[in-house]
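# Structure assessment
Here is what each chain is made of, one letter per residue.
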Amino acid sequence: MTLVAGVVAVQGDVAEHADAIERAAEDHGRAVEVREIRESGIVPDCDLLAMPGGESTTISRLVHSEGIAPEIRDHVAAGKPLLATCAGLIVASSDAGDDRVDELGLLDVAVERNAFGRQKDSFEAPLDVDGLDEPYPAVFIRAPAIDDVGDGDATVLASWNERPVAVTEGPVIGTSFHPELTADSRIHGLAFFENDAATVRALENTQ
Ligand code: GLN
């Protein structure tokens, strides 16, 4: 059976995420069909979701004005996986430290926007990530840091310079870096296919 993967496409690295999802699915022997989400009504059909980087203030404004925000909340409440990267992590957080971002509150973390510098300070670092055997080549572009992890279920998966840069809570994984910008699709694999949450969910829905 084919899983439906949605990529929030109001702004950001949409094609790159679609590509990474397809590669991760292939690595795990799964079939996926990727849909781009620019309006409401598509998320409810999705088994898994990615929310890309870009500009968090813009993404926040558009997911709310297009009516996509409550659908993303319902998706996560139903236990379906979401991978939120960079600006996507900022929007998914519970505290973006910026009034222009209306957070979705899906990860109980406070973030600091642009904590790792401006565009010229973009860098790649080998990152030890919980759940991956080998270091992951993480690309940081004006990346947020995760400064405060709540007392609930949010767990840090990776840190750089002693600051958390990947976190998980329930079916959500958030990363400060851009896993869609390398050929290594293991983060997408971890978020979507490793525990098979998406597949199990989709199978239940077809029964
Ligand atoms: N600096 C951006 C923001 O705060 C995020 C950068 C990115 O997604 N690469 O929205």
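This text gives an overview of the structure that appears in the document. (Residues numbered from 1 in each chain as written. Predicted model: local features only at pLDDT ≥ 70, side-chain atom pairs only at ≥ 80, totals over all residues. Heavy atoms only, no water.)

Let us now look at the pairing of strand β3 (residues 48-51). Where burial is concerned, the two faces of β3 agree: the one with L48 and A50 and the one with L49 and M51 are both buried. Here strand β1 (residues 2-8) pairs with β3 via three bridges, running parallel. Its bridge partner lying in β3, G6 is registered against L49. Relative to strand β4 (residues 82-85), β3 is paired through three bridges, and the arrangement is parallel. Following the sheet pairing, M51 is matched in β4 by A84. (Buried < 20%, exposed > 50% of the residue type's maximum accessible area, 1.4 Å probe, protein only. Helix = DSSP H or I, 4+ residues; strand = E, 2+ residues; numbered from the N terminus. Pairing = 2+ DSSP bridges.)

Turning our eyes to something else, we now look at unusual backbone geometry. Across the chain, the bulk of peptide bonds are trans and the bulk of non-glycine residues have phi less than zero. The backbone of R142 shows a phi angle near 40 degrees, a positive value even though the residue is not glycine. Among the secondary structure elements, R142 is positioned in the loop between β8 (136-140) and β9 (145-149). At E162, a residue that is not glycine, the phi angle is positive and equals roughly 65 degrees. Here E162 is to be found in the loop between β10 (155-160) and β11 (163-169). E162 sits in the exposed class, given a relative accessible area of 80%.

With that settled, the discussion passes to the site of the ligand. The ligand sits among G53, G54, E55, S56, C86, A87, I90, R113, N114, I141, R142 and H178. Per-class residue counts for the shell around the ligand are four nonpolar, five polar and three charged. (Near = heavy atom within 4 Å. Nonpolar A, V, L, I, M, F, W, Y, C, P; charged D, E, K, R; others polar.)

With respect to the element layout, S176 can be found in the loop between β12 (172-175) and α5 (186-192). Within the structure, the side chain of S176 is placed 2.6 Å from the backbone oxygen of P144, a separation counted as a polar contact. Excluding anything up to four places from it in sequence, S176 contacts C86, L89, F140, A143, P144, A145, I146, P164 and V165. (Polar contact = N/O pair within 3.5 Å; in protein donor to acceptor, adjacent residues only side chain to side chain. Contact = heavy atoms within 4.5 Å.)

Strand order in the open sheet formed by seven strands is β2-β1-β3-β4-β12-β11-β10, and the pairing between neighbours is mixed. The open sheet is flanked by β2 (31-37) and β10, the only strands paired with a single partner. In this sheet, neighbouring strand axes are inclined to one another by 20 degrees on average, regardless of whether the strands run parallel or antiparallel. As paired elements, β10 and β11 share five bridges and run antiparallel to each other. Bridging across to β11, S159 finds its partner in P164. (Axes fitted to C-alpha atoms, helices over the stretch in contact; angles between N-to-C directions.)

Listed as buried for helix α3 (residues 69-77) are A69, E71, I72, H75 and V76. Along α3, the residues classed as buried sweep out an arc of 160 degrees about the axis, all on the same side. Along α3, exposed side chains directed more than 90 degrees from the buried face belong to D74 and A77. Contacts from the buried residues of α3 go to β1, β3, α2 (56-65), β4 and β12. Trailing α3 by a residue or two, G79 shows a phi angle of about 85 degrees, which is positive. (Arc of directions from axis to C-beta.)

Pairing between the strands of a sheet is mediated by backbone hydrogen bonds and can be parallel or antiparallel. The strand order β5-β6-β9 describes an open sheet built from three strands, whose pairing is mixed. Strands with a single pairing partner mark the edges of an open sheet, and in this sheet they are β5 (93-95) and β9. Recorded for the sheet is a direction-independent mean angle of 55 degrees between the axes of neighbouring strands. Bridge count between β5 and strand β6 (residues 107-112): two bridges; the pairing is parallel. Residue pairing across strands places D95 opposite A110, the latter belonging to β6.

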